[in-house]
Amino acid sequence: MPAHIDPRLLRAFVAVAEELHFTRAAARLFIAQQALSRDVRRLERELRAELFLRTTRQVTLTADGERLLPYARRALQAQDDLLTAFGQARPLLVDLNSPGLHTHRRVLHLARELAPEVELMARFESGLTGAAAELIAGRLDASFGRYAGLDPALRAHLDQLPVRLEPMAIMLPEGHRLAALEAVPLAALAGEVVYAGAGNPRTPEWTDLAHHLFQGRGIAVAPPFPLAVGEEEFQRLMAKTRTPVLAVVGFPAMPGTVVRPLVDPVPLSPVSLVWRKGLVHPGLDALRRAAAQLAAGEGWLRRPTGGWIPADDEDVIR
């Protein structure tokens, strides 16, 4: 057995083990697929073990590959911790969910100001549930969203810091009967069907929030339809269906739409900063400082008069 294993080889192995696809793993590591395959073969030679079964259709882990994976992850985490301790941290990958979400961007931008020596790189995974699996697997480091809406099995592997009780809004087509109002009372939406991401596997925590909010108010959540990928396609579908969309205040209106705050009561979307348990990184420290600073300075966690959040979220916010 080798006296030393290059961490680069372990990183190549873990990427392929998690993606089960050499092309995707190479893209994730920003290296050529040929170089990735060479590193995996070298590791197999050094360990005298076959780690993957490769066919033209799929890649799967062997029993030795399954046995190696937890050790490789721990070794790489230890290396990351060592480099972090001496100021040589790798980039921190921060999921902002969507380019249009103002709160998440502000936390990231302030964190960059607080720790200019650390690289914080933005990603866009659409929703916290979609990001959670990536966080746990180590492919992302931090995300934002409604922590109470996650499956408890996911929450067991994650930590969180409440950031904001974000006022919610409704995006309406121009010419809608409520579009002329400066603010839309929830009672005025009775009889409407509102899009809240139903059927999107990445955002069930948002759909669940809508169900809590609409319950007993005569408002229906729009049924699932094929997921629109990309802003242009989403705009096209919304223009075609003219369905109101549940959003947050500050979300940019699309062409042909207006965004109006919801009132009576003021519904609040609980936003937390979420990261993998045990993660140590100066970029995460900067994100946490930025979130706490903005929350305290701008009253982001102060509930307005008549503010509403689901009972499930009360303990999280406390």
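It should be noted that the structure appears before, not after, this text.
Quick caveat: nothing in here was measured; it's all calculated off a predicted structure. Once a new chain begins, its residue numbering starts again from 1 and follows that chain's sequence as written. Only residues with pLDDT of at least 70 get local features here, since the model is predicted, and only at 80 or more are side-chain atom pairs given and counted; chain-wide, interface and lining totals rely on the full set of residues. Hydrogens are left out, water is left out, and the side-chain values use all remaining heavy atoms of the structure.

Novice: I keep staring at the overall build of the protein and nothing clicks. Help me out?
Specialist: Runs of H or I in DSSP of at least four residues are treated as helices and runs of E of at least two as strands, each being numbered from the N terminus. On a plain count of helices and strands, the protein comes out with 11 helices and 13 strands. Overall size of the protein, expressed as C-alpha extent along the three principal axes, is 70 × 45 × 30 Å. Within the protein, the fraction of its 318 residues that count as buried is 47%. In the protein, the share of contacts with a sequence separation of at least 24, taken over all contacts with a separation of at least 6, comes to 74%. Total accessible area computed for the protein in this model is approximately 15,900 Å², and 55% of it derives from carbon and sulfur atoms. Side-chain charges in the protein split into 37 positive and 36 negative, and the spacing between the mean points of these groups amounts to 3 Å. Type-normalised accessible area, obtained with a 1.4 Å probe on protein chains alone, sets the label of each residue: buried when under 20%, exposed when over 50%, and partly exposed for intermediate values. Should any heavy atoms of two residues lie within 4.5 Å, those residues are counted as being in contact. To measure how exposed things are, a 1.4 Å probe is used in the Shrake-Rupley method; for residues, cover is taken only from the protein chains shown. For the charge count, each Lys or Arg is scored as positive and each Asp or Glu as negative, with His and the chain ends excluded. The atom standing in for a charge is NZ when the residue is Lys, CZ when it is Arg, CG when it is Asp and CD when it is Glu.

Novice: What exactly am I supposed to notice about helix 10 (residues 282–298) here?
Specialist: By this rule the span expected of a helix is its residue count minus one, scaled by 1.5 Å. Taking 1.5 Å of rise per residue, 17 residues should cover 24 Å, and helix 10 covers 24 Å from first to last C-alpha, within 8% of that figure. Among all positions of helix 10, only G283, L284, A286, L287, A290, A291, L294 and A295 are buried. The arc that holds every buried residue of helix 10, seen down its axis, measures 160°, which confines them to one face. Among the exposed residues of helix 10, those oriented more than 90 degrees off its buried face are A296 and G297. Contacts made by the buried residues of helix 10 are with strand 3 (92–95), helix 5 (102–114), strand 4 (120–123), strand 5 (142–145), strand 6 (158–173) and strand 12 (266–276). Note that the arc is computed from the directions linking the helix axis to the C-beta atoms.

Novice: Help me understand the pairing of strand 4, please; the structure alone is not making it clear to me.
Specialist: Sheet faces and side chains relate simply in a regular strand, where the side chains alternate between the two faces. Bridge count for strand 3 against strand 4 is 4 bridges, and the pairing is parallel. Bridging across to strand 4, V94 finds its partner in A122. Handedness of a crossover: with both strands directed away from the viewer, a clockwise path from the first strand across the helix to the second marks it as right-handed. Read from strand 3 through helix 5 to strand 4, the crossover connection turns out right-handed. At least two bridges found by DSSP between two strands are what make those strands a pair.

Novice: Which parts of the structure should I look at to understand the nonpolar core?
Specialist: One recurring pattern in soluble globular proteins: nonpolar side chains tend to sit buried together. Counting residues in each nonpolar core, the largest one holds 25 residues, and the members touching the most others are V94, V107, L120, F144, L273 and L287. Sorting the residues of this core by element identifies strand 3, helix 5, strand 5, strand 12 and helix 10 as the ones contributing at least two each. Residue contributions to this core peak at 7 residues, all from helix 10. Filtering out sequence-adjacent residues up to four positions away, V94 remains in contact with L108, L120, M121, A122, R123, A142, F144 and L287. To define a nonpolar core, start from buried Ala, Val, Leu, Ile, Met, Phe, Trp, Tyr and Cys residues and group those joined through side-chain atoms within 4.5 Å.

Novice: Sorry if this is basic, but what is going on with the packing of aromatic side chains here?
Specialist: Any two aromatic rings considered together are summarised by their centre-to-centre distance and by the angle between their planes. Two rings belonging to Phe, Tyr or Trp (six-membered ring only in the last case) form a pair when the distance between their centres is within 6.5 Å. Interplanar angles under 30 degrees mark stacking, angles over 60 mark edge-to-face geometry, and anything in between is tilted. This model, assessed by the stated rule, comprises 2 aromatic pairs. For the ring pair F13 and F52, a centre distance of 5.5 Å and an interplane angle of 45° mean the geometry is tilted. Placement of the pair is F13 in helix 1 (residues 7–19) and F52 in strand 1 (residues 52–54), with a sequence separation of 39 residues. Just as F13 is buried, F52 falls in that class too. Taking the centre distance of 6.2 Å and the plane angle of 70° together, the rings of F22 and F52 count as edge-to-face. Taken as a pair, F22 in helix 2 (residues 22–29) and F52 in strand 1 lie far apart in primary sequence, 30 residues in all. The burial state of F22 is the same as that of F52; both residues are buried. Counting every residue linked through ring pairs, the aromatic cluster contains F13, F22 and F52. It is R155 that lies over the ring of Y147; its NZ or CZ is 5.9 Å from the centre. We call a charge positioned above a ring when the Lys NZ or Arg CZ atom is no farther than 6 Å from the ring centre and deviates by at most 35 degrees from the ring normal.

Novice: Please explain helix 6 (residues 128–137) as it appears in this structure.
Specialist: Given 3.6 residues per turn, any residue in an α-helix points the same way as the ones three and four places further on. Within helix 6, 7 of the 10 residues are buried, which leaves the element mostly enclosed by the surrounding structure. Once helix 6 finishes, G138 follows within two positions and takes phi at roughly 90°, a positive value.

Novice: Whenever I open this one, the pairing of strand 6 confuses me. Can you help?
Specialist: Here strand 6 lies mainly inside the structure; 12 of its 16 residues are buried. For strand 6 and strand 12, the ladder comprises 9 bridges, and the chain directions are antiparallel. From the neighbouring strand, E166 faces strand 12, where its bridge partner is S269. Both strand 6 and strand 10 (residues 245–248) contribute to a ladder of 4 bridges, which runs antiparallel. Counterpart to M171 in the pairing with strand 10 is V245.

Novice: Mind showing me how you'd approach unusual backbone geometry here?
Specialist: Excluding glycine, a negative phi dihedral is what most residues carry, and trans is how most peptide bonds are arranged. Omega for the peptide link from D264 to P265 comes to 0°, which places this bond in the cis form. Examined against the element boundaries, P265 turns out to sit in the loop between strand 11 (257–263) and strand 12. Within the chain, R48 stands out as a residue other than glycine whose phi angle is a positive 55°. Mapped onto the elements, R48 comes out in the loop between helix 3 (33–47) and strand 1.

Novice: Would you mind going over the environment of P270 with me for this structure?
Specialist: Following the sequence through the fold, P270 ends up in strand 12. On the basis of relative accessible area, P270 is assigned to the buried category, the value being 3%. Distance in space between the C-alpha atoms of P270 and I309 is 7.4 Å, their sequence separation being 39 residues. Every residue in contact with P270, bar those within four places of it in the chain, is listed here: G145, R146, R164, L165, L209, I309, D313 and I317.

Novice: Help me understand the packing of helix 1 against helix 3 in this model?
Specialist: Each pair of packed helices can be summarised by the angle the axes make with each other and by the distance between the axes. Axes here refer to lines fitted to C-alpha atoms; in helices the fit is confined to the stretch in contact. Angles between the N-to-C directions go from 0 to 180 degrees. Where helix 1 meets helix 3, the closest approach of the two axes is 9 Å, and the angle between their N-to-C directions is 110°. Here helix 3 runs roughly perpendicular to helix 1, going by the angle between their axes. The segment helix 1 lies against helix 3, with R8, L9, L10, A12, F13 and V16 engaging L36, D39, V40, R42, L43 and E46. Here the residues of the contact of helix 1 with helix 3 are counted per class, giving 8 nonpolar, no polar and 4 charged. Note on angle classes: values under 35 degrees are labelled roughly parallel, values over 145 roughly antiparallel, values of 65 to 115 roughly perpendicular, and the remainder oblique. The nonpolar class holds Ala, Val, Leu, Ile, Met, Phe, Trp, Tyr, Cys and Pro. Asp, Glu, Lys and Arg form the charged class, and all remaining residues, Gly among them, are polar.

By themselves, these are just geometric observations and shouldn't be taken as functional.
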